[in-house]
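For reference, the chains in residue letters:
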Amino acid sequence: MDWARLRRYSGNNLIAKGEVDMPFIQVNILKGRSPEKKERLIREMTDLVSEVLDAPVQSVRVMINELEPEHWGIAGESVKKRNEVSK
């Protein structure tokens, strides 16, 4: 195993030899947001992470995971069930 390479991509902000790693952000949200809102989220998260970590915008990756309401639970109930009860 190439431990130096693994260390380089292990999530450190600054890595061996002064290189900057590739920030990777994952966001979990419920389905239902518009494509425009998701584009805005990607843009603003990219800009913020680039600024805070002093990383080039081109190196920032953002992944949005959209979840079904029945796949997300709060206080022992799915969001789908909670939404049905609150109607």
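Preceding this section is the structure that the text describes.
Note that the structure is a prediction, hence the values are computed from the model and not measured.

Criteria and thresholds
Residues numbered from 1 in each chain as written. Predicted model: local features only at pLDDT ≥ 70, side-chain atom pairs only at ≥ 80, totals over all residues. Heavy atoms only, no water. Helix = DSSP H or I, 4+ residues; strand = E, 2+ residues; numbered from the N terminus. Expected span 1.5 Å × (residues − 1). Contact = heavy atoms within 4.5 Å. Core = buried A, V, L, I, M, F, W, Y, C linked by side-chain atoms within 4.5 Å. Buried < 20%, exposed > 50% of the residue type's maximum accessible area, 1.4 Å probe, protein only. Salt bridge = Lys/Arg side-chain N within 4 Å of Asp/Glu carboxyl O. Pairing = 2+ DSSP bridges. Right-handed = clockwise from strand over helix to strand, strands pointing away.

Asker: Could you clarify how one ought to interpret helix α2 (residues 35–53) in this entry?
Answerer: Given 3.6 residues to a turn, an α-helix orients residues that are three or four positions apart in the same direction. Its 19 residues give α2 an end-to-end C-alpha distance of 27 Å, which sits within 8% of 27 Å, the value for a rise of 1.5 Å per residue. Each element contacted by the buried residues of α2 is listed here: β1 (24–30) and β2 (61–67). At the C-terminal side of α2, Asp54 shows a positive phi close to 55°.

Asker: Please clarify how the nonpolar core should be interpreted in this entry.
Answerer: Nonpolar side chains tend to gather and get buried jointly when the protein is soluble and globular. Residues Ile25, Val27, Ile29, Val49, Val60 and Val62 constitute the largest nonpolar core, which totals six residues. For this core, the leading source of residues is β1, giving three residues. Contacts of Val27, omitting those with residues within four sequence positions, involve Leu41, Met45, Met63, Ile64 and Asn65.

Asker: Quick question: what am I supposed to make of unusual backbone geometry here?
Answerer: Leave glycine aside and you will find that most residues have negative phi; peptide bonds, for their part, are mostly trans. Positive phi, normally seen in glycine, also occurs at Asp54, with a value near 55°. Position of Asp54 among the secondary structure elements: in the loop between α2 and β2. Phi angles above zero are rare outside glycine, and Ala75 is one such case at about 55°. Examined against the element boundaries, Ala75 turns out to sit in the loop between β3 (73–74) and β4 (77–78).

Asker: Got a minute to help me understand the pattern of salt bridges in this structure?
Answerer: Close approach of charged atoms allows side chains of opposite charge to pair. A complete count under the given rule lists four salt bridges for this structure. Residue Lys38 pairs with Glu66 through a salt bridge whose shortest N-O separation is 3.2 Å. Of this pair, Lys38 sits in helix α2 while Glu66 sits in strand β2, placing them 28 residues apart in sequence. Note that Arg43 and Asp47 form a salt bridge whose closest N and O atoms lie 2.7 Å from each other. Linking Arg43 with Asp47, this pair stays in helix α2, spanning four residues, or about one helical turn. For Arg43, a relative accessible area of 44% corresponds to the partly exposed category.

Asker: Sorry, what's going on with the pairing of β2 here?
Answerer: Each regular strand carries side chains that alternate between the two faces of the sheet. With seven bridges joining them, β1 and β2 adopt parallel strand pairing. When the sheet's bridge partners are listed, Ile25 is paired in β2 with Val62. Once the chain exits β1 it traverses α2 before rejoining the sheet at β2, and the crossover so formed is right-handed.

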